[in-house]
Amino acid sequence: MNELLVMATIAGRRCAFRADDVQSVIDLGSVTPVPHTPDFVAGMTALRSQTLTVIDTRRAIGLGSSEWTSDHRAVVVLIAGFSYALLVDEIEDVTTGLAQTGTIPGGFGAQWARVATGMIETRTGPALLIDLPILIAGPDRSEVAA
Amino acid sequence: MDELLAEFVAETREMLEASEGEIIAWEADPSDRARLDAIFRFVHTVKGNCGFFDFPRLAALSHAAEDALADCRAGKREADAALVTAVLAVIDTISQMIDAIEAGEELPEGDDTHLVAALALSAPTSHPDGHDKGEESVPEDPIPPSRTASIATQRSIRLPVDLLDRVMSGVSDMVLARNDLAHRLREAGNQPTIDGPFERLTSILSDVRDAITRMRMQRIETLFNALPRLVRDLSGELGKQVTVDLAGGDVELDREMIEMIRDPITHIIRNAIDHGIESPAERVEQGKRESGHITIAARQSGNTISIVIGDDGAGLNEDRIAKKAVSSGMITASQRANMDREAILQLIFRPGFSTAEEVSTVSGRGVGLDVVRENLERVGGGIKVSSTPGIGTLFTLQVPLTLSIIAGLTIESGDQRFAVPQSYIEEIIHASSNALDFTRVGERSLVTFRGKRVPCLMLGDVLGLAESEISERERTMVMLRLASGDLFALGVDRIHSHGDLVVKPVAPIVAKSGLYAGSTLLDDGKPVLLLDVTEMASRHDLISPAQAQAPIAGEESDTTNVNAVRVMLFTGHDGRRCAVRLELVRRIETAAASVLDLSGAKPRAVIDGAIVPVVGLPEGPLPAEKLRFLRLFDGASELLLAVREIDDAVECYNTLQPASDDPMVEAITLVGDRPVALLDAHALFAKHGEAPEATNLPWCRLPDSEWARSFLAPLVRSAGYEIANGTDRREDVAIWFDHEFQKVDEPVTAGDAPIIRLRDIPDAPEGADTIYRYDREALLAALTEARSGRAVAGGRT
């Protein structure tokens, strides 16, 4: 049960990624914008011979990005054969999850609940465990329209 | 299976594939000695090789075919359709036996006497027993030694595809790593001790990459080669005439992909011939050429290959498709009522919409289109159809290459770089080129390319990039030719480099935008997106719906003639080069300035006793004593167009580009390489023409014959007459056939109208007062004379 987690701050909230899902943490170099894609696609960047799609996690959750600072590093994850670099406020540390993910009465709020598997207790306090495939799919269309 | 045998199988296979195309070409032109020789070499080689192994059936068959062909070579018999069919049958059987040998099976027992007999069926032209003597007539050494040698040196081994995949992706990564290293080395400056070995690494890597790529790749030709034969057989079976055009055979495709699309392509061609292309009689009735035409073109774009299969048949029948879908319970009748043609056509890809009820030897064997689509989508491809009734059907298959190395061009717009697959690029026209003739019509930008107006997209606009500092007119144009044959220009700020690009697929969220076919890394390590040219064009409606615009050899002249506009070129008094449609020009007049009446609000002139409005006069004093006019006639009223100089009457094939700035100009077009304003006759007459009173038109009585109605009447009308019908006694002039006129003692015309007599022979007898019936000029002159006589003298006897 003592699962390794990569801790990060997204839009001021503490979040966790499963360390198994994370390939590496890289220094984000130049990002090439990709026109005509949803706003949470920040662009593309290169990692060695690989091309990464850079996702702004704040926008992917459905929150604005402008009010948050971004870490110069990014979390690289592999989802369905494609590599993504996740842009977050700050990458903190690797820590251990202490219990099963759970939920709390009242929920986390609609936008957070959508991208989170649940709440997880860690040595450094509770955090939201992020569901990566849902995160990179971006906000629902209905939310975008709203 | 021992090595020798495996080689025999491989070699025979290769030759089989190569010879199929040859044999069809040979049938089309039996006198083509080169083809005959090629086929002969094939059967001869098979026969020769059989000697090493114990394949009596194979030997007997190839021997018989060789004999028959040898007779043809010796001129003892003609290559007729029966012979070609017989030879094809033999080749088919050989191919089946080869399959059996490869599978390690015993050769099936079988009787080939009917095949051998078929070969003998078409009797030799001069020697009835010619084929019996075949053995003697075989030339001693018909195969050039070099060919045998080259084939013998090809050896092959079998490898699991997995392994090839691993090697291939490893090499691709090596190329990228090398690029990365190269970039770092450049940054670090010159280091002779490293640069040398690095150069060597680069060249070795590029060799290895080429070899590896070729390992998995096969030219699509290997698939295409079999198609002419398929088309020939099917069309023969169905009593239709179909020609086939193949393009892009050099496009390389993963071997497995080729296998995957083999069935779908065959299926689509079958359907096209069976259901799409009409019988020769129907085609002729519809004004199409007797033989139907199928085009198959392959093109590579990023990590997809598009294969376009088009026919010029009747198009998909939406009613039949809908009816079938309703009857099979796929959709309800009310759903059907709400579906447009496009939606109905897409039903053919739905599961359950199989052509099973029409199982025949032709269409029955194919898999349903739903399976085709499913298979393609499973590997990330797709299939689309578009069809125009009466014009044809166009299937587009998209086959992916998950990983590929393609030649590409890097372009830049708004400070961002993109890549375009080289295969689309027809030409790059640099900004400074005057020939480009950039114009805007409405919202659409146009450039002139090889004398044609081509739509133009600005990459910056398409992608919504930052405004470029380079003005639209000074951008570099990349001319892109799509698989469908459509052409468009892409305006970019500048061109960077040509080179091989390792294309990787983009993440689904990026792919969803539809604009990108993949991504690649440049030498400096920056990612660059590969543009999906086809999708970009289709979003801007630049792809013609069906075959109509696809370039079809031989038909171009027909279509352009239809579109040609015949115009009279002239230079106006304002120095502008203009044109009017030739149909309007009745005559070129040269008249003294004295005929002009400039006293009224509008200038007029007296021509042939009539007062006609004049347009196009220079301002100020008249330049000369004599003036040149184009006398325009719209069927009712006349107009004199004053011109400075008359150039020529030409046919104009170029696109007419509508012009809206000048109400008197219908369009701008190119004649030679200079722009010409085509005057808007409608506006001209609307503004300046004087509508004559309707009753004012003179009447002309025509002889009662079909020829008069269909040939004479339009001419007479265009000369400004109404046709007097049977009961009407009014007529101002009458046209008679001379031979009828002679029979009548006292020709009666109302009001003693003048009579124009027509004769049937061009040469007039001495002193005859008749006009040859096709002497248009004289006829028109006579009609005009009769008319002006009426106008001036009020009729004459």
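Residues numbered from 1 in each chain as written. Chains lettered and ligands numbered in written order. Predicted model: local features only at pLDDT ≥ 70, side-chain atom pairs only at ≥ 80, totals over all residues. Heavy atoms only, no water.

Observations concerning the overall build of chain B
Okay, step 1: Check the secondary structure of chain B and you find 25 helices and 35 strands.
Okay, step 2: Going through the 797 residues of chain B one by one, you find that 48% of them count as buried.
Okay, step 3: A separation threshold of at least 6 residues defines the contact pool for chain B, and within that pool the share at least 24 residues apart is 66%.
Okay, step 4: Total accessible area on chain B is roughly 39100 Å²; 51% of this is exposed by carbon and sulfur atoms. (Helix = DSSP H or I, 4+ residues; strand = E, 2+ residues; numbered from the N terminus. Buried < 20%, exposed > 50% of the residue type's maximum accessible area, 1.4 Å probe, protein only. Contact = heavy atoms within 4.5 Å. Areas by Shrake-Rupley, 256 points an atom, 1.4 Å probe, with all protein chains shown as cover.)

Focus on the sheet that holds strand S7 (residues 82-87) of chain A
Strand pairing in a sheet takes place through backbone hydrogen bonds and is either antiparallel or parallel in direction.
Residue and element names in this part refer to chain A.
Okay, step 1: Taken in spatial order, the five strands line up as S3-S6-S7-S5-S4 in an open sheet, and their pairing is mixed. Each having just a single partner strand, strand S3 (22-27) and strand S4 (41-47) make up the two edges of the open sheet. Neighbour-to-neighbour, the strand axes of this sheet turn through a mean angle of 30 degrees, independent of strand direction.
Okay, step 2: The pairing of strand S5 (residues 50-56) with S7 spans four bridges and is parallel. Note that in S7 the partner of Asp56 across the bridge is Leu87. (Pairing = 2+ DSSP bridges. Axes fitted to C-alpha atoms, helices over the stretch in contact; angles between N-to-C directions.)

Some words on the confidence of the model for chain B
Residue and element names in this part refer to chain B.
Okay, step 1: With 79% of its residues at a pLDDT of at least 70, chain B reaches an overall mean of 74.
Okay, step 2: Long-range and interchain partners of residues 123-153, a stretch whose pLDDT sits below 50, account for 39 contacts in this model, where long-range means more than four residues apart.
Okay, step 3: Considering only residues more than four positions removed or in separate chains, one finds that residues 791-797, a stretch of pLDDT under 50, has nine contacts.
Okay, step 4: Confidence estimates for the predicted assembly give a pTM of 0.43 and an ipTM of 0.84. (pLDDT = per-residue confidence, 0-100.)

Here we look at the packing of aromatic side chains
All names here are of chain B.
Okay, step 1: Throughout the structure, instances matching the rule amount to five aromatic pairs over all chains.
Okay, step 2: Note on Trp707 and Phe737: the rings are 5.8 Å apart at their centroids and 45 degrees apart in plane angle, and the pair reads as tilted. In this pair, Trp707 sits in helix H23 (residues 706-718) while Phe737 sits in strand S33 (residues 733-737), placing the two residues 30 residues apart along the sequence. For the pair formed by Trp707 and Phe737, the shared burial category is buried.
Okay, step 3: Pairing Phe711 with Tyr774 gives two aromatic rings, centres 6.3 Å apart and planes at 75 degrees, and the pair type is edge-to-face. One end of the pair, Phe711, is in helix H23; the other, Tyr774, is in the loop between strand S35 (771-772) and helix H25 (776-793), with 63 residues separating them in the sequence.
Okay, step 4: Residue Tyr774 is classed as partly exposed on the basis of its relative accessible area of 45%. (Phe/Tyr/Trp six-rings, centres within 6.5 Å; stacked < 30°, edge-to-face > 60°.)

A look at the sheet that holds strand S19 (residues 565-571) of chain B
Residue and element names in this part refer to chain B.
Okay, step 1: Taken together, the six strands give an open sheet; going across it, the order is S27-S19-S20-S30-S29-S28, and neighbouring strands pair in mixed fashion. What marks the edges here is a single partner per strand, and that holds for strand S27 (645-652) and strand S28 (657-658).
Okay, step 2: As paired elements, strand S29 (residues 665-671) and strand S30 (residues 674-679) share six bridges and run antiparallel to each other. When the bridges of S30 are listed, Thr669 appears paired with Val676.

Focus: the interface of chain B and chain A
Okay, step 1: Tallying the contact residues gives 26 residues for chain B and 22 residues for chain A.
Okay, step 2: For the pair chain B and chain A, the summed buried area comes to about 1800 Å², and 68% of that belongs to carbon and sulfur atoms.
Okay, step 3: A per-residue breakdown of the area chain B buries against chain A is headed by Gln416(B), Ile509(B) and Pro527(B), which together make up 30% of the total.
Okay, step 4: Linking chain B to chain A there are zero salt bridges.
Okay, step 5: Counting across the chain B and chain A interface gives four residue pairs in polar contact (both at pLDDT 80 or more). (Buried area = accessible area lost by both parts, 1.4 Å probe. Salt bridge = Lys/Arg side-chain N within 4 Å of Asp/Glu carboxyl O. Polar contact = N/O pair within 3.5 Å; in protein donor to acceptor, adjacent residues only side chain to side chain.)

Some thoughts on the packing of helix H3 (residues 56-73) of chain B against helix H4 (residues 81-102) of chain B
Two numbers describe a pair of packed helices, the interaxial angle and the distance between the axes.
Residues and elements named next belong to chain B.
Okay, step 1: Where H3 contacts H4, the axes come no closer than 10 Å and their chain directions differ by 155 degrees. Judged by the inter-axis angle, H3 sits roughly antiparallel to H4. The chirality of how H3 crosses H4 is left-handed. Of H4, the residues touching H3 (which contributes Arg57, Leu58, Leu61, Ser62, Ala65, Ala68, Leu69 and Cys72) are Leu83, Val87, Val90, Thr93, Ile94, Met97, Ile98 and Ile101.
Okay, step 2: Broken down by class, the residue content of the contact of H3 with H4 amounts to 13 nonpolar, two polar and one charged. (Parallel < 35°, antiparallel > 145°, perpendicular 65-115°, else oblique. Left-handed = near helix turned anticlockwise from the far one by under 90°. Nonpolar A, V, L, I, M, F, W, Y, C, P; charged D, E, K, R; others polar.)

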